[in-house]
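Chain and residue survey
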Amino acid sequence: MSASLLILIPLLPLIGFLINGIGFKTIPKGAVGIIGTLAVVASFVLSVMTFQAFIAAGSQPVIVPLFDWITVGNLNIPFSFQVDQLSLLMLMIITGVGSLIHIYSIGYMHHDEGFGKFFAYLNLFLFFMLLLVLGSNYVIMFIGWEGVGLCSYLLIGFWNKNTNYNNAARKAFIMNRVGDLGFLLGIFTIISTFGSVEYLEVFSQATDFEIGDPVIIMITLFLFIGAMGKSAQIPLYTWLPDAMAGPTPVSALIHAATMVTAGIYMVIRSNVLYSLAPSTLEIVGIIGAATALFAASIGLLQNDIKKVLAYSTVSQLGYMFMGLGAMAYSASMFHVITHAFFKALLFLGAGSVIHAMSDEQDIRSMGGLRKKLPITFLTFLIATIAISGIPPFAGFFSKDEILAHVFEHNKLLWVIGVLGSLMTSFYMFRLLFLTFFGTFRGTHEQEHHLHESPASMTIPLVILAVLSALGGFIGVPEALHGTHHLAEFMSPLYDASRQVNPEAFLPTELSHSEEYLLMGVSVAVALVSAVVAYVMYVQKSSVPAPDSQPKSALQGLVYNKYYVDELYDNVFVKPIKALSNILYSFGEFFIDLVVNAFVRLTQFFAGLLKKTQTGSTGDYVFAMVLGIVVILFWKLLL
């Protein structure tokens with residue numbers, strides 16, 4: 001495996017950022033799109049080559065040192081990359097889905113005056129995400145972690161002339177800093193405990209600890225706080241729905257291929273530590289289940305096409321954390337992969353709809369679009385079936401595997417997971433039917449403008465649709481007479497975890513008939529929800545009421561997202577603003593007092609000195625003689 005080729009994987013998007021970032025005002029739009037996209041496509045090709053070289057070399061982890069970076073006492077932190085099963089899977093997702101989003105953006109953002117700057121930011125986003133997953137230690141991961149936080153701020157607030165968009169960007173940045181503090185404390189605790197931040201060194205030493213060791217529990221809790229912020233789990237989830245303020249390709253990139261998967265990646269990367277801390281995993285599972293159900297319920301009544309998908313992302317991330325809580329690391333990674341396919345497809349499909357609807361995002365003003373946007377409709381339908389967990393599409397295999405592990409681990413969490421699956425299917429088919437079925441409910445001008453998106457936008461949709469339909473076959477369970485290729489590929493990642501907690505990795509105790517029953521329940525609730533949505537929104541042609549119409553107490557509660565934003569505003573934002581204003585006024589008063597005191601004092605002494613300037617030569621000679629006498633007196637007598 002060539003170190004130079006590996007370095008090029010993150011370096012090419014960085015070069016794309018520098019070229020487009022410096023020359024975005026002068027480089028033609030056509031060249032900007034080509035430069036930005038080729039940088040990522042080349043990274044994808046190199047990732048595929050690295051994957052093949054890894055398999056050919058025997059699938060052993062490889063450390064690629066670049067240079068010595070930080071040395072303080074006995075602590076040495078090299079700048080190096082680690083290539084193993086997990087980093088390779090993440091490379092393929094980030095560069096593969098990222099390439100399709102870049103191609104799509106050429107068409108979607110073509111008329112935007114900030115086209116060059118947009119592609120520069122996209123390239124920088126991918127550079128930091130690639131750095132995050134390639135680093136061989138927690139410090140490099142943290143650099144990438146902070147980098148994607150910065151880029152999310154830049155991209156969410158890309159249309160920065162809109163105050164609400166700026167507020168959304170600031171909200172994402174600040175809320176992620178809360179989680180990042182936990183991550184940073186976890187890194188400091190790792191350094192004090194293990195004397196290193198290198199994954200292989202830390203995990204090797206961790207095998208000497210007992211299950212439930214308080215230090216390991218503290219480390220894993222700190223790291224999970226970071227994951228809660230980055231992967232939008234309760235209570236740090238409210239930034240993600242507001243991230244819809246950015247252009248739609250940004251939503252696809254953040255929600256599908258990059259930022260929100262970082263928390264899942266970090267927990268799977270630290271699987272040895274989490275396998276030693278079952279109590280932390282219980283917390284992870286409970287918070288994941290609560291987030292999955294809570295966000296799904298909010299999605300039931302949302303009318304903004306992107307907001308529905310945003311709460312869907314929060315909910316699906318909850319499923320991934322449920323899997324992690326049950327130590328189903330490979331199943332959670334499986335859902336990361338399939339989710340990247342169908343969620344990118346859903347967001348890009350939504351972007352195609354918004355593009356055709358002249359930037360309209362309210363599904364109450366849509367309807368009947370399947371005839372005008374046939375490719376968008378078919379691909380969106382495939383993604384909806386996939387996310388709803390209906391076989392044989394990708395989401396069925398990954399979600400059902402998580403639910404099976406959760407059923408073995410905790411029956412109550414399984415029930416919550418099934419309820420979330422029921423809601424997911426309903427709100428996704430509700431979105432599909434209100435957008436593409438029935439009669440058009442928009443304006444005549446919008447109807448006249450309706451057209452299918454250009455090839456640069458529809459080709460990525462078709463590719464993602466194929467992946468959403470077939471991607472699940474990399475993990476067919478034994479009960480369905482298949483082979484779980486992904487689990488077999490990832491198995492070496494858990495060797496140390498098997499050593500410290502072998503009971504957690506015993507084969508499933510579920511019989512095939514029990515697995516069939518669990519699959520049947522999951523599929524049945526998804527199909528029932530889809531049928532209910534069809535009856536409500538197609539047969540009965542129901543349309544959500546306008547905002548001005550009164551709602552029941554329960555509907556108002558759910559529609560207003562349980563007033564969590566208002567709660568945070570009253571509990572945190574307003575008190576901090578009030579305190580800041582008090583401190584500002586207090587500081588301003590005392591600073592002015594000190595500055596003005598110096599001014600007055602200077603003026604006073606200046607007035608005194610001014611009186612010595614008489615303009616008389618005799619006075620000056622007298623003062624000079626007096627000064628000489630004083631100097632002589634000082635030297636002779638003292």
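Quick look at the structure, then. Remember, predicted model here, so these are calculated numbers, not experimental data.

This part is about the overall build of the protein. Along the backbone of the protein there are 26 helices and two strands. Summarising its shape, the C-alpha atoms of the protein cover approximately 115 × 70 × 50 Å along the three principal directions. Restricting the contact set of the protein to residue pairs at least 6 apart, pairs at least 24 apart contribute 81%. Carbon and sulfur atoms provide 69% of the accessible area of the protein, an area that totals close to 27,000 Å². Averaged over its 30 positive side-chain charges, the protein has a centre that lies 15 Å from the centre of its 37 negative ones.

Quick look at the side chain of Ser 312 now. By the secondary structure assignment, Ser 312 is in helix H14 (residues 305–325). The class of Ser 312 is buried, set by a relative accessible area of 0%. Within polar-contact distance, the side chain of Ser 312 engages the side chain of Lys 343 at 3.0 Å. Setting aside anything within four residues of it in sequence, one finds Ser 312 in contact with Lys 343, Ile 387 and Tyr 427.

We now examine the nonpolar core. One finds Tyr 138, Trp 239, Met 333 and Met 490 to be the most contacted residues of the largest nonpolar core, which totals 184 residues. Sequence-distant contacts of Met 490, that is, excluding residues within four places in its chain, are made with Gln 85, Leu 86, Leu 89, Ile 268, Ser 330 and Met 333. Membership of the second largest hydrophobic core comes to 19 residues, among which are Ile 402, Ala 404, Val 406 and Leu 510.

Quick look at the pattern of salt bridges now. For the coordinates displayed, the defined rule picks out 10 salt bridges. The salt bridge partner of Asp 242 is Lys 171, with a shortest N-O separation of 2.8 Å. Here the residue Asp 242 occupies a position in helix H9 (residues 239–242), and Lys 171 occupies one in helix H6 (residues 163–194), the gap between them amounting to 71 residues. With its nearest N and O atoms 2.6 Å apart, the salt bridge here joins Asp 565 to Lys 171. Here Asp 565, found in helix H25 (residues 564–610), pairs with Lys 171, found in helix H6; they are 394 residues apart in sequence, far enough to count as distant. Among the charged side chains, a salt-bridge network with shared partners connects Glu 146, Arg 177 and Asp 180.

Our focus in this paragraph is unusual backbone geometry. The omega torsion across Ile 234 and Pro 235 is 5°, close enough to zero to call that bond cis. By secondary structure assignment, the location of Pro 235 is in the loop between helix H8 (214–230) and H9. Looking along the chain, the bond that leaves Pro 391 and enters Pro 392 is cis, with omega of 5°. Along the chain, Pro 392 turns up in the loop between helix H16 (374–387) and helix H17 (394–409). Here the phi dihedral of Lys 561 falls at roughly 60°; this positive angle occurs in a residue that is not glycine.

With that settled, the discussion passes to the environment of Phe 473. With respect to the element layout, Phe 473 can be found in the loop between helix H20 (455–470) and helix H21 (485–490). In this structure Phe 473 touches Pro 392, Phe 397 and His 485, once residues within four positions along its chain are discounted.

Turning our eyes to something else, we now look at the side chain of Asp 112. Within the element layout of this structure, Asp 112 appears in the loop between helix H3 (85–108) and helix H4 (115–134). In this structure Asp 112 is buried but unpaired, with Lys 29 as the nearest side chain of opposite charge at 6.9 Å.

This part takes up the packing of helix H5 (residues 138–156) against H8. Contact geometry of H5 with H8 gives a least axis separation of 12 Å together with a crossing angle of 25°. Taken together, H5 and H8 sit at an angle that is classed as roughly parallel. Seen from above, H5 lies across H8 with left-handed handedness. In this structure, H5 contributes Tyr 138, Trp 145, Val 148 and Gly 149 to the contact, and H8 contributes Leu 223, Gly 226, Ala 227 and Lys 230.

Right, let's talk about the packing of aromatic side chains for a bit. Within this structure, the stated rule accounts for 39 aromatic pairs. Ring centres of Tyr 237 and Phe 294 lie 5.7 Å apart, and the angle between their planes is 80°; this geometry places the pair in the edge-to-face category. Of this pair, Tyr 237 sits in the loop between H8 and H9 while Phe 294 sits in helix H13 (residues 278–299), placing them 57 residues apart in sequence. Classification of Tyr 237 by relative accessible area gives buried; the value is 4%.

Attention now goes to the environment of Ala 553. Along the chain, the position of Ala 553 falls in helix H24 (residues 553–559). The class of Ala 553 is exposed, set by a relative accessible area of 71%. Spatially, the C-alpha atom of Ala 553 lies 58 Å from that of Asn 596, the residues being 43 residues apart in sequence.

Turning to a nonpolar patch on the surface, a few remarks are in order. A contiguous nonpolar surface patch, about 670 Å² in accessible area, is contributed by Val 621, Met 624, Val 625, Ile 628, Val 629, Leu 632 and Leu 636. Classification of Ile 628 by relative accessible area gives partly exposed; the value is 46%.

It is worth spelling out H8 at this point. In this model H8 runs 25 Å from its N-terminal to its C-terminal C-alpha over 17 residues, within 8% of the 24 Å that 1.5 Å per residue would give. Among all positions in H8, only Ile 216, Ile 217, Ile 219, Thr 220, Leu 223, Phe 224, Gly 226, Ala 227, Met 228, Gly 229 and Lys 230 are buried. For H8, the N-terminal cap is Asp 213; the gap from its side-chain oxygen to the backbone nitrogen of Val 215 is 2.9 Å. Looking one or two residues beyond H8, the residue adopting positive phi is Ala 232, at roughly 55°.

Next up on the list: the packing of helix H18 (residues 411–436) against helix H23 (residues 512–539). Contact geometry of H18 with H23 gives a least axis separation of 8 Å together with a crossing angle of 30°. Here H18 runs over H23; the crossing is right-handed.

Cut-offs and rules
Residues take numbers from 1 onward in each chain, read along the sequence in its written order. For this predicted model, a pLDDT threshold of at least 70 governs which residues receive local features, and a threshold of 80 or more governs which side-chain atom pairs are given and counted, while totals over whole chains, interfaces and linings are taken from all residues. Hydrogen atoms and water are omitted, and side-chain values are computed over all heavy atoms in the structure. Where helices and strands are cited, they refer to DSSP runs of H or I of at least four residues and of E of at least two residues respectively, numbered from the N terminus. We call two residues contacting when some pair of their heavy atoms lies within 4.5 Å. Surface accessibility in these figures is a Shrake-Rupley result with a 1.4 Å probe; residues are shielded only by whichever protein chains are displayed. For the charge count, each Lys or Arg is scored as positive and each Asp or Glu as negative, with His and the chain ends excluded. Where a charge lies is defined by one atom per residue type: Lys uses NZ, Arg uses CZ, Asp uses CG and Glu uses CD. When a residue's accessible area, from a 1.4 Å probe over protein chains only, is under 20% of the maximum for its type it is buried; when over 50% it is exposed; and in between it is partly exposed. Two N or O atoms count as a polar contact when they lie within 3.5 Å, although within protein this holds only if one can serve as hydrogen donor and the other as acceptor, and sequence-adjacent residues are included solely when both atoms are side-chain atoms. Residues belong to a common nonpolar core when they are buried Ala, Val, Leu, Ile, Met, Phe, Trp, Tyr or Cys residues joined through side-chain atoms within 4.5 Å. The working definition used for a salt bridge is a side-chain nitrogen of Lys or Arg within 4 Å of a carboxyl oxygen of Asp or Glu. To get an axis, fit a line to the C-alpha atoms, keeping to the stretch in contact for a helix; angles then go from 0 to 180 degrees between the N-to-C directions. What sets the label is the angle itself: under 35 degrees gives roughly parallel, over 145 gives roughly antiparallel, 65 to 115 gives roughly perpendicular, and the rest give oblique. Crossing handedness is read from the near helix: turned anticlockwise from the far helix by less than a right angle, it gives a left-handed crossing, and turned clockwise, a right-handed one. Pairing of aromatic side chains here covers Phe, Tyr and the six-membered ring of Trp, requires ring centres within 6.5 Å, and sorts the geometry by plane angle: under 30 degrees stacked, over 60 edge-to-face, intermediate tilted. Think of a patch as exposed residues, more than 30% relative accessible area, with no salt bridge, where like charges cluster within 9 Å and nonpolar side chains (Val, Leu, Ile, Met, Phe, Trp, Tyr) cluster within 5 Å. To estimate the expected span of a helix, subtract one from its residue number and multiply by 1.5 Å.

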